[in-house]
Amino acid sequence: MNDPNEQAVLSEVPRQTFELEECGFREVPKKWRKFYRHWEGPGDELGPNEIICPVCKVVIRSKREIRVGDRLYCMPCMSRMIVVLGEDGTLQTDVTY
Amino acid sequence: MADFLNSYSIQRWLELCPQGYLEDTVNGHEAGETEADLILKDDELRTAAIRSTVQLVVGERAALAASSGLVNLAPDYPSKHFLATQTLDEARHVEIFTERLYDLGVKRADLESTIDHFVNPHLVNFAEVLLEKIDSGDFIAGVVGQNIVLEGLAFTVFEMREITNRETNPKFAHTLAGTIADERRHVGFGENRIGSLIKEHPEKKPEVEQMQKDMAFHMLKTLQLSFKHNSETVEKEREAVGEVGAAYFHGIDLSTASSEETEAILANTILSEFKTRLARIGLEYQEPVGV
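Here's what I pulled together on the structure shown here. (Residues numbered from 1 in each chain as written. Chains lettered and ligands numbered in written order. Predicted model: local features only at pLDDT ≥ 70, side-chain atom pairs only at ≥ 80, totals over all residues. Heavy atoms only, no water.)

## Considerations on the pattern of salt bridges
Okay, step 1: In this structure the tally under the stated criterion is 26 salt bridges over all chains.
Okay, step 2: The residue Glu65 of chain A makes a salt bridge to Arg67 of chain A at a minimum N-O spacing of 3.5 Å.
Okay, step 3: For Arg92 of chain B, the salt bridge identified is with Asp182 of chain B, shortest N-O distance 2.9 Å. One end of the pair, Arg92 of chain B, is in helix H5 (residues 77–103); the other, Asp182 of chain B, is in helix H9 (residues 170–200), with 90 residues separating them in the sequence.
Okay, step 4: Looking at Arg92 of chain B, the relative accessible area reads 16%, which means it is buried.
Okay, step 5: On the basis of relative accessibility, which here comes to 0%, the residue Asp182 of chain B falls in the buried class. (Salt bridge = Lys/Arg side-chain N within 4 Å of Asp/Glu carboxyl O. Helix = DSSP H or I, 4+ residues; strand = E, 2+ residues; numbered from the N terminus. Buried < 20%, exposed > 50% of the residue type's maximum accessible area, 1.4 Å probe, protein only.)

Written out as structure tokens, the structure reads:
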């Protein structure tokens, strides 16, 4: 996924969608709880619709596959971020101040 | 900036915190929960629990003094409102950890003498560096020291202790879970507010970085002394955790890790987080010398 062309091709593929259920995360009001879960540390594999908030280490979950350029909001720490491609080819986030 | 700060409103705090994850709790844990028998019936473990809880009380007292001082220093009202909610969070933390001391058998009349007896002097030095900045009216240094360095330290320590207490002492683990949720907001505000302020005031960087270097020095000394005093007890606690299964913290099983390994993973995690957080807001981590 380091190849920008590969990314461009990927962006034409319809995004996967996901049904979300609560995972025991109680730190936000009930209607938002399904959008977050606790990160269990290294070894906790993220789904294509999940990304770690770099500020507070909560896993942010989306109803659709997350892609580069998506803008996300982390309610537990109230940070805003944009999804970027990391040097290792994984999806990461840049916090926007 | 105004939009971003509106997220940190008192209304949002009410919805998330007292009406959210703290609803129906008593001193931060579920009603009726008590400290684990394992601790209450073993003098060595009970004393170790008192010693470690004293550090939490002292750290939270520093955070209370710092955040209340920052309310008056904040340059805008949304920041003042958030810091007012943080002040109440920190006061709550002081209260719930003090209540834990009572639950562990400390008499109310002996509270201050117990704190004086067990407090780690390096933790006091750590807090003094921060409070000097606030006393001198430095908002930027104060928020970096409080919401990034001190809260970053607390965040990692609480996270580790919550994991090790989850099975052996659910009451304390629940107390910690609520404070971790609070810390998420505090570090979020710290990074978001200071990230923009540092861009506006790059001339502040050297002074703030020096403060971080001093605080990191005292933080590492605090951990060194803490584990030196407690290495045998840490081993005993480890055995207790091990009896109920693995407890992973950043890839290390704390139920089998030695005291030295536990200290190393804690210090490395805290410093790694410092570096990452500081870099995100445009500051360069300064390595402390002589630790």
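Once you've had a look at it, read on.
## Section: the packing of helix H2 (residues 10–21) of chain B against H5 of chain B
Residue and element names in this part refer to chain B.
Okay, step 1: In the contact formed by H2 and H5, the axes pass within 9 Å of each other and the chain directions differ by 30 degrees. Facing Ile10, Trp13 and Cys17 of H2, the residues of H5 in contact are His81, Thr85, Leu88 and Asp89.
Okay, step 2: Looking at the contact of H2 with H5, its residues break down into 4 nonpolar, 2 polar and 1 charged. (Axes fitted to C-alpha atoms, helices over the stretch in contact; angles between N-to-C directions. Contact = heavy atoms within 4.5 Å. Nonpolar A, V, L, I, M, F, W, Y, C, P; charged D, E, K, R; others polar.)

## Describing H5 of chain B
Residues and elements named next belong to chain B.
Okay, step 1: The terminal C-alpha atoms of H5 lie 39 Å apart, and with 27 residues this matches the ideal 39 Å at 1.5 Å per residue to within 8%.
Okay, step 2: Counted residue by residue, H5 has 19 buried out of 27 residues, so it is predominantly covered.
Okay, step 3: Looking one or two places after H5, you find Gly105, whose phi comes out positive at around 105 degrees. (Expected span 1.5 Å × (residues − 1).)

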